[in-house]
Amino acid sequence: LTAQGSLLYLDTLHATFPHALAPRSTALLSWTPSTACTPAGWPLPTLYCTPAEASVLPSRAAALRVQLLFALRSRALRVLEAGLAAELHDALATLRTDWPGLAQDLALGRLSPQPGLPEGARGRLEALLAPDATRAAELRAECAHGFEGIVQRLWPQLEVVVVGTAQGAERLYCDALRQADCKGLPFYCPFYQVAGVLLGVNLWPEKPAPRFLLCPDWAFCEFLPCPAEEEPQAVLLGELWEGREYGLVLTARPGEYRCRTGEVLRVTGFHKQCPVVEPMRRESQTLSVRGESISEEQFYQSLCCAVGMWPGARLVDYICVESVLLGASSGVCAPHYEVFVELRGLRDLSEGQRYKLDQCLQENFPIYKSFRFKGSIGPLRLHLVGAGAFAQLREALGSPVPMPRVLREERLLQLIQSTVIS
């Protein structure tokens, strides 16, 4: 990130949440094994209560547990920050399953041995802890009352949750956190980055849907109008129209290749003549076994509709696979979607309930319904996976980037197939 972007973020955060920049009042949950750098762009030791070494541990799960433990030490947190919403989601899942162990570690001022936590690093991090029986008792009492709104109960002065990205694949985790663990707290996504390049900053933390001011001197951007024209003509920042969608073409630095990023943006307005955009979808994350082109956002909406018809079910996570990736194991029927879903509150689904997702897709997308009626697309197959299956998948992915919703990697598919329960 550029220093200019980081300063804009910190200024906006302070203006909206006046106590957010108090010393040691921000807890960071982020796994960055290659470099100990915060999402704000540089090390800010006076701002964070989380030691930098915790983010570079070799194991994602170990890093998030250690960071969670340091966050739990302080009752006076103002900001809970995560590089990805999935990291906050998985850290709070660890709280659900391992709160007795975390409480014991707090009481004793120690770090329990665990895979992915080298002894040398454990010793150095443990030296920063001190026994706190009072805070451990508070943790036990709050967790014993359940986990609805647990974040605000554990940190009553918390003002905001900051996440690195809240759109695309990460929207599922943001929605789940808002509905349960982080109920009542605003979510702020400060930066818009593509291919590791900072393009814009969010100056409106109070808005539920992130909007980003595109800064003209951070990278060279061009825009292709959507839907695509026969002979598309790229336009520049000053030629954008409010309300229209554009595909992003990026040249990050002088001398680098010009490329289409696959990002589609909608212009929502202008701020001091600079366009303000909302990311809409990624062209690479589409389902298209017969050219129907259903985006991950559209599929997610249909899945949420189906889950709403499964009494007691709450969606934890999902991926969708085009059947060609399964080869012979997908059967002899026409190409179709294979969907792997992790649910909470429901252990099994009847065939009629499973069909609801296919039905929702047909209702929402006439072209999909047409292909289903003709038999050129076969019936969707839905599989339930065990609790924690997607956390294992993110660990296996071994990369601090959002996990794709439309899966195209065979090694990851084999891993998730091994966790199917029905």
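Everything in this summary refers to the structure shown in the same document. (Residues numbered from 1 in each chain as written. Predicted model: local features only at pLDDT ≥ 70, side-chain atom pairs only at ≥ 80, totals over all residues. Heavy atoms only, no water.)

**What about the overall build of the protein?**
The helix and strand tally for the protein stands at 12 helices and 16 strands. For the C-alpha atoms alone, the extent of the protein along its principal axes is close to 65 × 55 × 35 Å. For the protein, with 422 residues in total, the buried portion stands at 51%. Sequence-distant contacts, at least 24 apart, represent 66% of the contacts inside the protein between residues at least 6 apart. About 18,700 Å² of surface is accessible on the protein, with carbon and sulfur atoms providing 55% of the total. Once the 40 positive and 44 negative side-chain charges of the protein are each reduced to a mean point, those two points are 4 Å apart. (Helix = DSSP H or I, 4+ residues; strand = E, 2+ residues; numbered from the N terminus. Buried < 20%, exposed > 50% of the residue type's maximum accessible area, 1.4 Å probe, protein only. Contact = heavy atoms within 4.5 Å. Areas by Shrake-Rupley, 256 points an atom, 1.4 Å probe, with all protein chains shown as cover. Lys, Arg positive; Asp, Glu negative; His and termini not counted. Charge placed at Lys NZ, Arg CZ, Asp CG, Glu CD.)

**Re the layout of surface pockets**
For the second largest pocket, the calculated volume is near 610 Å³. When contributions to the lining of the second largest pocket are tallied by element, the ones reaching two or more residues are helix H2 (60-73), helix H3 (85-108), strand E15 (337-344) and helix H11 (389-397). Of the residues forming the lining of the second largest pocket, the biggest block, 7 residues, is contributed by H3. Residue classes in the lining of the second largest pocket are distributed as 10 nonpolar, 7 polar and 9 charged. Each of domain 1 (3-189) and domain 3 (288-418) contributes no fewer than three residues to the lining of the second largest pocket. (1 Å grid on protein atoms, 1.4 Å probe; cavity = no way out; pocket = protein on both sides within 12 Å on 5 of 7 lines; lining within 4 Å. Points joined across faces, edges and corners; volume = space filled by probe spheres on them. Nonpolar A, V, L, I, M, F, W, Y, C, P; charged D, E, K, R; others polar. Domains from an automatic or database assignment.)

**Section: the sheet that holds strand E7 (residues 212-214)**
Spatial ordering of the open sheet is given by E5-E6-E7-E11-E10-E9-E8, a layout of 7 strands whose pairing is antiparallel. Looking at which strands have only one partner, the edges of the open sheet turn out to be strand E5 (191-194) and strand E8 (220-226). Strand-to-strand twist of the sheet, defined as the mean angle between neighbouring strand axes without regard to direction, takes the value 50 degrees. On the sheet, helix H1 (residues 3-16) packs against E5 and strand E6 (197-201) and is oriented at approximately 35 degrees with respect to E6. (Pairing = 2+ DSSP bridges. Axes fitted to C-alpha atoms, helices over the stretch in contact; angles between N-to-C directions.)

**A word on the pattern of salt bridges**
For the structure shown, the criterion picks out 27 salt bridges. One salt bridge connects Glu 53 with Arg 124, and the closest N-O pair in it is separated by 2.6 Å. With Glu 53 in the loop between strand E1 (26-29) and H2 and Arg 124 in helix H4 (residues 119-126), this pair connects stretches of sequence that are 71 residues apart. Given the relative accessible area of 26%, Glu 53 is considered partly exposed. The partner of Glu 148 in a salt bridge is Lys 183, and the shortest N-O contact between them spans 2.8 Å. Within this pair, whereas Glu 148 is found in the loop between helix H5 (133-144) and helix H6 (150-154), its partner Lys 183 is found in the loop between helix H7 (171-179) and strand E4 (187-188), the two being separated by 35 residues in sequence. Here the salt bridges do not stand alone but share partners, grouping Arg 60, Asp 90, Asp 317, Arg 394 and Arg 405 into one network. (Salt bridge = Lys/Arg side-chain N within 4 Å of Asp/Glu carboxyl O.)

**Points about the packing of aromatic side chains**
Considering all chains together, one arrives at 8 aromatic pairs under this definition. Plain terms: the ring middles of Tyr 300 and Tyr 318 are 6.2 Å apart, the flat faces sit at 10 degrees to each other, and that makes the pair stacked. Taken together, the residues span a long stretch of sequence, with Tyr 300 in helix H8 (residues 296-307) and Tyr 318 in strand E14 (residues 314-322) at a distance of 18 residues. Residue Tyr 300 is classed as buried on the basis of its relative accessible area of 6%. An angle of 20 degrees between the planes, with centres 5.5 Å apart, marks the rings of Tyr 337 and Tyr 368 as stacked. Here Tyr 337 is found in strand E15, whereas its partner Tyr 368 is found in helix H10 (residues 366-374), with 31 residues between them in sequence. The exposure class of Tyr 337 is buried, given its relative accessible area of 0%. The exposure class of Tyr 368 is buried, given its relative accessible area of 0%. Clustering of aromatic rings is evident, with ring pairs tying together Phe 299, Tyr 300, Tyr 318, Tyr 337 and Tyr 368. Positioned over the ring face of Tyr 318 is Arg 405, at 4.9 Å from the centre of the ring. (Phe/Tyr/Trp six-rings, centres within 6.5 Å; stacked < 30°, edge-to-face > 60°. Lys NZ or Arg CZ within 6 Å of the ring centre and 35° of its normal.)

**Some remarks on the side chain of Thr 286**
Within the secondary structure, Thr 286 sits in strand E12 (residues 286-287). Thr 286 gets classed as buried once you look at its relative accessible area, which sits at 18%. Among the polar contacts made by the side chain of Thr 286, one reaches the main-chain carbonyl oxygen of Glu 283 at a distance of 3.3 Å. Ignoring sequence-local partners within four residues, the contact set of Thr 286 consists of Ile 294, Ser 295, Glu 322, Val 406 and Arg 408. (Polar contact = N/O pair within 3.5 Å; in protein donor to acceptor, adjacent residues only side chain to side chain.)

**A look at the pairing of strand E16 (residues 381-384)**
The side chains of a regular strand alternate between both faces of the sheet. Here E16 shows a buried face lined by Leu 382 and Leu 384 and an unburied face lined by Arg 381 and His 383. Examined bridge by bridge, E15 and E16 share 4 bridges and lie parallel to one another. Among the inter-strand pairings, Glu 338 is bridged to a residue of E16, identified as Arg 381.

By themselves, these are just geometric observations and shouldn't be taken as functional.
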